[in-house]
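Read off the chains here:
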Amino acid sequence: ASGLRRLLGRPPLRVVTFAAGSNDVGKSVAVTNLAMLLARTGREVLIVDENTSTIASYFGATALYDLQQVVNRRRTLAEVIVSLGHGIRPLPTAGVTARLASLNVMEQQILLQSLAELQPAVDVVLVDTSLDHPLGFSPFGLAAHETVIVMAPNGTAITESYALIKKVSLGYARKHFRILINRTRSDDEAHAIFDNIAQVSHSRGLARLDYVGHIPLDER
């Protein structure tokens, strides 16, 4: 994570991680829509996609390769990145995500050098994290400037989101998270959910939570 942080910390690049405590909360769809909005404002967006069900498919594209093949020197980064045009570039990383913490020195250097030579340069990196990382949280996520926890307004999603915040706070000393509540029925519902989880987190000394907003329920 420290190497990624040095690499991704170059101004004016902005890195934002999206995480969730459970599946089926709409995290990847939220990342996709945010990338589209950012691209429409003229920004170049790289989506680091740690999931096997790739974001590229949401755009009707197919991810043929993975960052693992860059580490193995079988493909270049340009070949692995899915070129969609319109300022959005998904980078499939599911194959290497589970191995990030165990890469040897040479593999780390290959990875960091490849990312450093990314052309054209990007303005924003959105990290769509996997729930299945062996260390409990992605090194890409730990290298990000900020982390957004996406949750749905149901008991399971809220409980699992709190468990994730607790795990990352205690395990990695990450003390600040933003909360995005998806599929809400009203503004009042979203604020009530946030106020509850923020109060519990504060009372137990885990982390400071900020309300980033909510996305209304849309059956489509």
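Quantities reported herein were computed from a predicted structural model and do not represent experimental measurements. (Residues numbered from 1 in each chain as written. Predicted model: local features only at pLDDT ≥ 70, side-chain atom pairs only at ≥ 80, totals over all residues. Heavy atoms only, no water.)

Undergrad: Which parts of the structure should I look at to understand helix α8 (residues 155–172)?
TA: The periodicity of an α-helix, 3.6 residues per turn, causes residues three or four positions apart to be oriented the same way. Between the first and last C-alpha of α8 there are 25 Å, a value that for 18 residues agrees with the 26 Å anticipated at 1.5 Å per step. Three or more residues of α8 are buried, namely Ala-157, Ser-161, Tyr-162, Leu-164, Ile-165, Val-168 and Ser-169. The buried residues of α8 all sit within an arc of 160° when viewed along its axis, so they share a single face. Facing away from the buried side of α8 by more than 90 degrees, the exposed set consists of Gly-155, Thr-156, Leu-170 and Gly-171. Those residues of α8 that are buried lie in contact with β1 (14–19), β5 (146–151), β6 (176–184), α9 (187–203) and β7 (208–216). Once α8 ends, the next one or two residues include Ala-173, with phi positive near 55°. (Helix = DSSP H or I, 4+ residues; strand = E, 2+ residues; numbered from the N terminus. Expected span 1.5 Å × (residues − 1). Buried < 20%, exposed > 50% of the residue type's maximum accessible area, 1.4 Å probe, protein only. Arc of directions from axis to C-beta. Contact = heavy atoms within 4.5 Å.)

Undergrad: What should I look at first to understand the sheet that holds β1 in this one?
TA: One key point about sheets: their strands pair by backbone hydrogen bonds, in either a parallel or an antiparallel sense. Strand order in the open sheet formed by seven strands is β3-β2-β4-β1-β5-β6-β7, with parallel pairing between adjacent strands. This sheet does not close on itself; its edge strands, each paired only once, are β3 (88–92) and β7. Each adjacent strand pair in this sheet contributes to an overall mean axis angle of 25°, direction not counted. Relative to strand β4 (residues 124–128), strand β2 (residues 45–49) runs parallel, the two sharing five bridges. When the sheet's bridge partners are listed, Val-48 is paired in β4 with Val-127. Most of the contacts of α8 go to β5, to which it runs at about 155°, and overall it touches β1, β5, β6 and β7. (Pairing = 2+ DSSP bridges. Axes fitted to C-alpha atoms, helices over the stretch in contact; angles between N-to-C directions.)

Undergrad: Could you clarify how one ought to interpret the pairing of β1 in this entry?
TA: Taken residue by residue, a regular strand's side chains alternate between the two faces of the sheet. Counting buried residues along β1, five of its six residues qualify, which places the element largely inside the surrounding structure. As paired elements, β1 and β4 share five bridges and run parallel to each other. What sits directly across from Arg-14, in β4, is Val-124. The pairing of β1 with β5 spans four bridges and is parallel. Directly across from Phe-18, in β5, lies its bridge partner Val-148.

Keep in mind these values describe shape, not function.
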